[in-house]
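# Understanding the architecture of this molecule
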Amino acid sequence: MPETVTIYEVGPRDGLQNEAANVSLSDKIALIDLLTSSGLPAVEVGSFVSPKWVPQMAGSGDVIAGLRYDHAARLSVLVPNMQGWERFWNIRSAMEKGPDEVAVFISASEGFSRANLNCTIAESIDRLRPVVAAVQSVGLTLRGYVSCVTDCPFDGPTPPDAVARVAEFLRDLSPMPLSLGDTIGKGTPETVGAMLRAVQEVAPSTDLAGHFHDTGGQALANVAIALDMGLRTFDGAVAGLGGCPYAPGAPGNVATEALIALVEARGFVTGIDRAVIAKAAKLARAMRGSA
Ligand code: HMG
Ligand code: MG
């Protein structure tokens, strides 16, 4: 029986948050509805961060209210603090079906924590404590992101032990699955391998995902080494959308369509209809004006 690799689509959030084009609400909804109809098991559909920091995600409440929920995909939203949680939950609690997963995020490097969250790593953990408790109290699931797992745009190379330490902090809050982010796409199979060895000391591979940006053209090589090291979940963005607005030089997550092609060529199954993903990639390219 071929083994399954889980592809976690983050284009509607990590992708669109960094696109210069002003994407309309109806286009966002059309893109997400197409993605969820493809058999993708998980899609991150927006974020409840400060709209002053990331204006592209300001309409995430309208997005979740306008989506179809006639599919099996798990939908998630990114939340940075209690204010974000309350904005999300006000809308979600009035909906019969909606996103059932909340993603929280911290950085493995102090420089990026300051730039992205305006606080230290320790302060970011304290901020997340009540968010995690609130998510658990209503029975939704959690996902944790760790950013700058190999390199930081401000502090330089990230020591693997620093990543393991913040992974442990998050797992102490709740044993949530973790997505390990090469935020600026500077990682190589060597640095990704060293980082994974350190993190695998504190969390099982079944709870780890690879989140690779393709700035340095190494994202697929990094997926390959992570697959060899036992990871079975990878984040991708359809058409290679996006990046991170607070990480200079971070365009483009690895493209979902390339990710699926790689893992399927290696004998894994994804359960995703590649023709639908190709259609979604075409729509995403048109939305950002590069069709
Ligand atoms: P702050 O300025 O320190 O926040 O930002 P504050 O608590 O001092 O509040 C300042 C103002 O923001 C106040 O409004 C608050 O009400 C408001 P004012 O009184 O000035 O009118 N505010 C909010 N408004 C709406 N929703 C909220 C919220 N919180 C405060 N949730 C904050 C702190 C965390 C809010 C800010 O730094 C922020 O939003 N950062 C998020 C940046 C971001 O979204 N980055 C991209 C996502 S992370 C990523 O892409 C990496 C990842 O993909 C993995 C990888 O690749 O590594 C996940
Ligand atoms: Mg990212």
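Quick summary incoming for the structure in this document. Owing to the predicted nature of the structure, the values given are computational and were not obtained by experimental measurement.

### Looking at the side chain of Arg-13
- Structurally, Arg-13 can be placed in helix α1 (residues 11–15).
- Judged by its relative accessible area of 5%, Arg-13 falls in the buried class.
- Beyond its immediate sequence surroundings of up to four residues, Arg-13 is in contact with Glu-44, Gly-46, Ser-47, Met-57, Leu-78, Tyr-145 and His-211.

### Details of the packing of aromatic side chains
- Throughout the structure, instances matching the rule amount to 3 aromatic pairs.
- Centroid distance Trp-85 to Trp-89: 5.4 Å. Interplanar angle 10°. Geometry classified as stacked. Residue Trp-85 and its partner Trp-89 are located together in helix α4 (residues 82–92), separated by 4 residues, close to a single helical turn.
- A relative accessible area of 25% means that Trp-89 is categorised as partly exposed.
- Between Arg-13 and the ring centre of Tyr-145, over which it is positioned, the NZ or CZ distance is 5.4 Å.
- The positively charged end of Arg-143 is found above the aromatic ring belonging to Tyr-8, 3.6 Å away from the centroid.

### Remarks on the coordination of the magnesium ion (ligand 2)
- Taken together, Asp-14 (OD), His-211 (NE2) and His-213 (NE2) make up the full set of protein donors to the magnesium ion (ligand 2), lying 2.0 to 2.3 Å away.
- Taken in sequence order, the residues that donate to the magnesium ion (ligand 2) follow the motif D-x196-H-x1-H. Like His-211, the residue His-213 is buried in the burial classification.

### Some details on the sheet that holds strand β5 (residues 141–147)
- The 8 strands lie next to each other as β1-β2-β3-β4-β5-β8-β9-β10, forming a closed barrel whose pairing is parallel. With strand direction ignored, the average angle separating the axes of adjacent strands in the sheet is 25°.
- Across 5 bridges, strand β2 (residues 42–47) lies against strand β3 (residues 74–78) in parallel orientation. Counted as the bridge partner of Gly-46 is Val-77 from β3.
- Across the sheet, helix α5 (residues 110–117) touches β4 (101–107) and β5, and the angle it forms with β4 is around 130°.
- Most of the contacts of helix α7 (residues 160–173) go to β5, to which it runs at about 160°, and overall it touches β4, β5 and β8 (178–182).

### Concerning the site of ligand 1
- Residues in contact with ligand 1 amount to 28 residues; listed here are only the nearest, Arg-87, Asn-116, Asn-118, Ser-147 and Thr-183.
- With respect to ligand 1, the backbone of Phe-48 contributes an N or O atom lying 3.0 Å from a nitrogen atom.
- Interatomic distance of 2.9 Å between a side-chain N/O atom of Gln-83 and an oxygen atom of ligand 1.
- When the free accessible area of ligand 1 is taken as 1100 Å², the share hidden by the protein chains comes to 76%.
- Those elements giving two or more residues to the shell around ligand 1 turn out to be α1, α4, α5 and β5.
- Of the residues that constitute the shell around ligand 1, the class distribution is 11 nonpolar, 12 polar and 5 charged.

### Quick word on helix α8 (residues 189–199)
- Among all positions of α8, only Val-192, Gly-193, Met-195, Leu-196, Ala-198 and Val-199 are buried.
- At its buried positions, α8 is contacted by α7, β8, β9 (208–212) and α9 (219–228).

### So, the pairing of β9
- Of all 5 residues that make up β9, 5 are buried, and the element is covered over most of its length.
- Burial of the side chains of β9 extends over both faces: Leu-208, Gly-210 and Phe-212 are buried on one face and Ala-209 and His-211 on the other.
- Where β8 meets β9, 5 bridges bridge the pair, whose relative direction is parallel. Note that in β9 the partner of Ser-179 across the bridge is Ala-209.

### With respect to unusual backbone geometry
- We note that Asn-118 has phi near 60°; this positive angle belongs to a residue other than glycine.
- Within the element layout of this structure, Asn-118 appears in the loop between α5 and α6 (121–137).
- Despite not being glycine, Ala-239 has its phi angle at roughly 65°, a positive value.
- In this fold, Ala-239 is placed in the loop between β10 (233–236) and α10 (256–265).

### Quick notes on the packing of helix α2 (residues 25–36) against helix α11 (residues 274–287)
- Following both chains from N to C, one finds α2 and α11 inclined at 165°, their axes separated by 9 Å at the closest point. With respect to α11, the axis of α2 lies roughly antiparallel. When you trace α2 past α11, the crossing you get is left-handed. On the side of α2, the interface is formed by Asp-27, Ala-30, Leu-31, Leu-34 and Leu-35, while α11 contributes Val-276, Ile-277, Lys-279, Ala-280, Leu-283, Ala-284 and Met-287.

Cut-offs and rules
- Residues numbered from 1 in each chain as written.
- Chains lettered and ligands numbered in written order.
- Predicted model: local features only at pLDDT ≥ 70, side-chain atom pairs only at ≥ 80, totals over all residues.
- Heavy atoms only, no water.
- Helix = DSSP H or I, 4+ residues; strand = E, 2+ residues; numbered from the N terminus.
- Buried < 20%, exposed > 50% of the residue type's maximum accessible area, 1.4 Å probe, protein only.
- Contact = heavy atoms within 4.5 Å.
- Phe/Tyr/Trp six-rings, centres within 6.5 Å; stacked < 30°, edge-to-face > 60°.
- Lys NZ or Arg CZ within 6 Å of the ring centre and 35° of its normal.
- Donors = N, O, S within 2.8 Å, 3.2 Å for Na, K, Ca; no water.
- Pairing = 2+ DSSP bridges.
- Axes fitted to C-alpha atoms, helices over the stretch in contact; angles between N-to-C directions.
- Near = heavy atom within 4 Å.
- Polar contact = N/O pair within 3.5 Å; in protein donor to acceptor, adjacent residues only side chain to side chain.
- Areas by Shrake-Rupley, 256 points an atom, 1.4 Å probe, with all protein chains shown as cover.
- Nonpolar A, V, L, I, M, F, W, Y, C, P; charged D, E, K, R; others polar.
- Parallel < 35°, antiparallel > 145°, perpendicular 65-115°, else oblique.
- Left-handed = near helix turned anticlockwise from the far one by under 90°.

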